[in-house]
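What the coordinates show
Each chain, letter by letter, is given below.
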Amino acid sequence: EGEMKDTKAVAMTILGHLDEHYLEERLEAIGETDMIHHTPTFGHIFHTFFKPHPNIQKQIDSVSNKLGLDPGEYSVAHCRVRHPKAYPMGESFNGQFIANADKTGLPFTDRFLELSVGIASRSIQCVSSLSDVAKYPIYFMSDSSDLV
């Protein structure tokens, strides 16, 4: 039923995380006081707009059950350091262009190592700022096995 019925994953930009400050400045300019990030509102918006396909939800539920995860009783720090959109077009690390990073990875040395650890640290600091963080475990995920 539909063009994407057999698609397992769809890439979407929901709120443009690379420009969170811009989004929040615009909201503040129109008088908004709930700046979304670091509040429960972000999760409510995300779950309102994002509903996995039933087949994907079955896979999510299966993995959650296998890992013993109860919905809403854990936090996740998700860190994508190999995503090409996070870097200027044409940038390279040790001669490898960022455009292919999702497919080939990047050398985990020098500047890329520094950037990756910084991004990972910020993601953990972000999840650590949640109001109920002490109640639940934090899981760290990354698209770079070097960080995990």
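Note: the structure precedes this text.
Residues numbered from 1 in each chain as written. Predicted model: local features only at pLDDT ≥ 70, side-chain atom pairs only at ≥ 80, totals over all residues. Heavy atoms only, no water.

Topic: the overall build of the chain
Helix and strand counts for the chain stand at 5 helices and 4 strands. For the chain, the succession of helices and strands along the chain, N to C, is α-α-α-β-β-β-α-α-β. Each of the 148 residues in the chain was classed as buried or not, and the buried ones make up 18%. Considering only contacts in the chain between residues 6 or more positions apart, those separated by 24 or more positions represent 53%. In the form shown here, the chain has an accessible surface area of approximately 11,200 Å², with 57% of it arising from carbon and sulfur atoms. (Helix = DSSP H or I, 4+ residues; strand = E, 2+ residues; numbered from the N terminus. Buried < 20%, exposed > 50% of the residue type's maximum accessible area, 1.4 Å probe, protein only. Contact = heavy atoms within 4.5 Å. Areas by Shrake-Rupley, 256 points an atom, 1.4 Å probe, with all protein chains shown as cover.)

Considerations on helix H5 (residues 110-128)
For H5, spanning 19 residues, the distance from its first C-alpha to its last is 27 Å, which sits close to the expected 27 Å at 1.5 Å a residue. Along H5, the positions that sit buried rather than exposed are Phe 112, Ser 116, Ala 120, Ser 123 and Val 127. All buried residues of H5 fall inside an arc of 65 degrees around its axis, so they share one side. Exposed residues on H5 whose side chains face more than 90 degrees from its buried face are Asp 110, Glu 114, Arg 122 and Gln 125. (Expected span 1.5 Å × (residues − 1). Arc of directions from axis to C-beta.)

Thoughts on unusual backbone geometry
Not every positive phi belongs to a glycine, and Asp 110 is a case in point at roughly 50 degrees. In this fold, Asp 110 is placed in helix H5.

Side note on the packing of aromatic side chains
Inspection of the entire model under this criterion finds 2 aromatic pairs. Ring centres of Tyr 74 and Tyr 139 lie 5.9 Å apart, and the angle between their planes is 80 degrees; on these two criteria the pair is classed as edge-to-face. Taken together, the residues Tyr 74 in the loop between helix H3 (54-67) and strand S1 (75-79) and Tyr 139 in strand S4 (residues 138-142) connect sequence positions 65 residues apart. Relative to Phe 112, the ring of Phe 108 lies with its centre 6.3 Å away and its plane at 80 degrees, an arrangement referred to as edge-to-face. Of the residues examined, Phe 112 reaches a relative accessible area of 1% and is grouped as buried. (Phe/Tyr/Trp six-rings, centres within 6.5 Å; stacked < 30°, edge-to-face > 60°.)

Concerning a nonpolar patch on the surface
A contiguous nonpolar patch, built from Val 76, Tyr 139 and Met 141 and spanning about 250 Å² of accessible area, is present on the exposed surface. The residue Met 141 is located in strand S4 in this model. (Patch = residues over 30% accessible without salt bridge, like charges linked within 9 Å, V, L, I, M, F, W, Y side chains within 5 Å. Salt bridge = Lys/Arg side-chain N within 4 Å of Asp/Glu carboxyl O.)

As for the side chain of Arg 82
Summarising the element assignment, Arg 82 is placed in the loop between S1 and strand S2 (92-93). No salt bridge is formed by the buried Arg 82; the nearest opposite charge belongs to Asp 143, separated by 4.7 Å. With sequence-adjacent residues up to four places away left out, Arg 82 is seen in contact with Ala 101, Asp 102, Lys 103, Gly 105, Phe 112, Asp 143 and Ser 144. (Lys, Arg positive; Asp, Glu negative; His and termini not counted.)

Thoughts on the nonpolar core
Cys 79, Val 81, Tyr 87, Phe 93, Ile 98, Ala 101, Leu 106, Phe 112, Ala 120 and Leu 147 together form the largest nonpolar core, which totals 10 residues. The residues contacting Leu 147, other than those within four sequence positions of it, are Cys 79, Val 81, Phe 108, Ser 116, Val 117, Ala 120, Phe 140 and Ser 142. (Core = buried A, V, L, I, M, F, W, Y, C linked by side-chain atoms within 4.5 Å.)

Comments concerning the pattern of salt bridges
Between side chains of opposite charge, a pair can form when the charged atoms approach closely. Under the defined criterion, the tally for this structure stands at 1 salt bridge. Where Arg 80 meets Asp 143, a salt bridge forms, and the shortest distance between an N and an O atom there is 3.7 Å. A residue pair is termed long-range when its members are at least 10 positions apart, and Arg 80 in the loop between S1 and S2 and Asp 143 in the segment after S4 qualify at 63 residues. Residue Arg 80 is classed as partly exposed on the basis of its relative accessible area, which comes to 36%. Relative accessible area serves as the criterion here: at 23%, Asp 143 is assigned to the partly exposed category.

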